[in-house]
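# Understanding the architecture of this molecule
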Amino acid sequence: MYQAAVFVHLASAIIWIGGSLFLAMVLIPVLRRFAPAPGQPPANPALPPDMLGIIARRFRWISWTCIILLVATGLYILPTRYGIGFSEFFSLGGHFVATLQVKVVLVAVVIWLSVIHDFVIGPLVSRLIDEMHAGGTTPGYLPLLRKCVVWIARVNVILMVLIVVIAVTMTRGTPV
């Protein structure tokens, strides 16, 4: 059971982080190339105007499934493999527990930023863009909201990679 939990934990991290990196480093730059300027017809009419929004909504289910699996398997692995329960987590138990505490805080920040990105600002930007493409007026704060969505995603990806680095130092030791 422990090996299955570790496999699910690692597979979930790979899918979530890999998918996020693919979106940030490949898909978004390519879609920007085809994005029309505000008020202009699409450069490629074969692409839906909100293709990024469609893809992001699809990936949202995958990423949140991975987040839930990561938290659940992490809560299983800690007491099973390391004997760390609630009271040990809040103790001053040395390098491993201190590193674990940093990791958990970063995970909480990533989850909080993901909630804001996926369920607050992201859907608002998507709705405003849909209204703009339907002939509505573009609010002046839309560019700021779009930048917020982009920067939240960038910070999240950086934090996810940092969490992996911390996880490696927890299980394999600090590099010398």
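An account of the accompanying structure is given in this report. (Residues numbered from 1 in each chain as written. Predicted model: local features only at pLDDT ≥ 70, side-chain atom pairs only at ≥ 80, totals over all residues. Heavy atoms only, no water.)

Within the chain one finds five helices and zero strands. Reading the chain from its N terminus to its C terminus gives the helix and strand order α-α-α-α-α. Each of the 176 residues in the chain was classed as buried or not, and the buried ones make up 31%. The long-range share in the chain, meaning contacts at least 24 apart out of those at least 6 apart in sequence, stands at 72%. Of the roughly 11,200 Å² that the chain leaves accessible, carbon and sulfur atoms contribute 73%. (Helix = DSSP H or I, 4+ residues; strand = E, 2+ residues; numbered from the N terminus. Buried < 20%, exposed > 50% of the residue type's maximum accessible area, 1.4 Å probe, protein only. Contact = heavy atoms within 4.5 Å. Areas by Shrake-Rupley, 256 points an atom, 1.4 Å probe, with all protein chains shown as cover.)

With that settled, consider the side chain of T169. Counting through the fold element by element, T169 comes out in helix α5 (residues 142-172). Using a relative accessible area of 16% as the deciding quantity, one classes T169 as buried. A distance of 2.7 Å separates a polar atom in the side chain of T169 from the backbone oxygen of I166. (Polar contact = N/O pair within 3.5 Å; in protein donor to acceptor, adjacent residues only side chain to side chain.)

Now for the packing of helix α1 (residues 2-34) against α5. Contact pair α1 / α5: the axes reach a minimum separation of 9 Å and the direction vectors enclose 145°. Every pair of crossing elements has a handedness; the one defined by α1 and α5 is left-handed. Listed contacts from α5 to W16, I17, S20, L21 and R32 of α1 are V150, R154, V157, M160 and V164. Here the contact of α1 with α5 is composed, by residue class, of seven nonpolar, one polar and two charged. (Axes fitted to C-alpha atoms, helices over the stretch in contact; angles between N-to-C directions. Left-handed = near helix turned anticlockwise from the far one by under 90°. Nonpolar A, V, L, I, M, F, W, Y, C, P; charged D, E, K, R; others polar.)

What follows covers the nonpolar core. Counting residues in hydrophobic clusters, the biggest one holds 35 residues, and the most contacted among them are W16, I84 and V125. Elements supplying a minimum of two residues to this core: α1, α2 (51-82), α4 (95-133) and α5. By residue number, the principal contributor to this core is α4, which donates eleven residues. (Core = buried A, V, L, I, M, F, W, Y, C linked by side-chain atoms within 4.5 Å.)

Spanning 39 residues, α4 covers 54 Å between terminal C-alpha atoms, matching the ideal 57 Å at 1.5 Å per step. Remark: the principal bend of α4, roughly 40°, maps to G122, with a proline, P123, within the next four residues. G135 lies just past α4 and shows a positive phi near 100°. (Expected span 1.5 Å × (residues − 1). Bend = angle between axes of the 7 residues up to and from the residue.)

Right, let's talk about the environment of V110 for a bit. Here V110 is to be found in helix α4. It is 9.8 Å that separates the C-alpha atoms of V110 and I67, two residues lying 43 residues apart in sequence. Setting aside anything within four residues of it in sequence, one finds V110 in contact with W16, N156, L159, M160 and I163.

Bringing the layout of surface pockets into the picture now. By volume, the second largest pocket is sized at about 1,200 Å³. Along the wall of the second largest pocket there are 38 residues; nearest its centre are H9, L70, G74, K103 and A167. Listing elements by their share of the lining of the second largest pocket, those giving two or more residues are α1, α2, α3 (86-89), α4 and α5. Top element by residues in the lining of the second largest pocket is α2. It accounts for ten residues. Residues of the lining of the second largest pocket, tallied by class, amount to 31 nonpolar, four polar and three charged. (1 Å grid on protein atoms, 1.4 Å probe; cavity = no way out; pocket = protein on both sides within 12 Å on 5 of 7 lines; lining within 4 Å. Points joined across faces, edges and corners; volume = space filled by probe spheres on them.)

Here we take up the packing of aromatic side chains. Enumeration over the complete set of coordinates arrives at one aromatic pair. Relative to F119, the ring of W64 has its centre 5.5 Å away and its plane inclined at 45°; by these criteria the two rings are tilted. Note that W64 is positioned in helix α2 and F119 in helix α4, a separation of 55 residues in sequence. The side chain of R154 reaches across the aromatic face of W151, ending 4.7 Å from its centre. (Phe/Tyr/Trp six-rings, centres within 6.5 Å; stacked < 30°, edge-to-face > 60°. Lys NZ or Arg CZ within 6 Å of the ring centre and 35° of its normal.)

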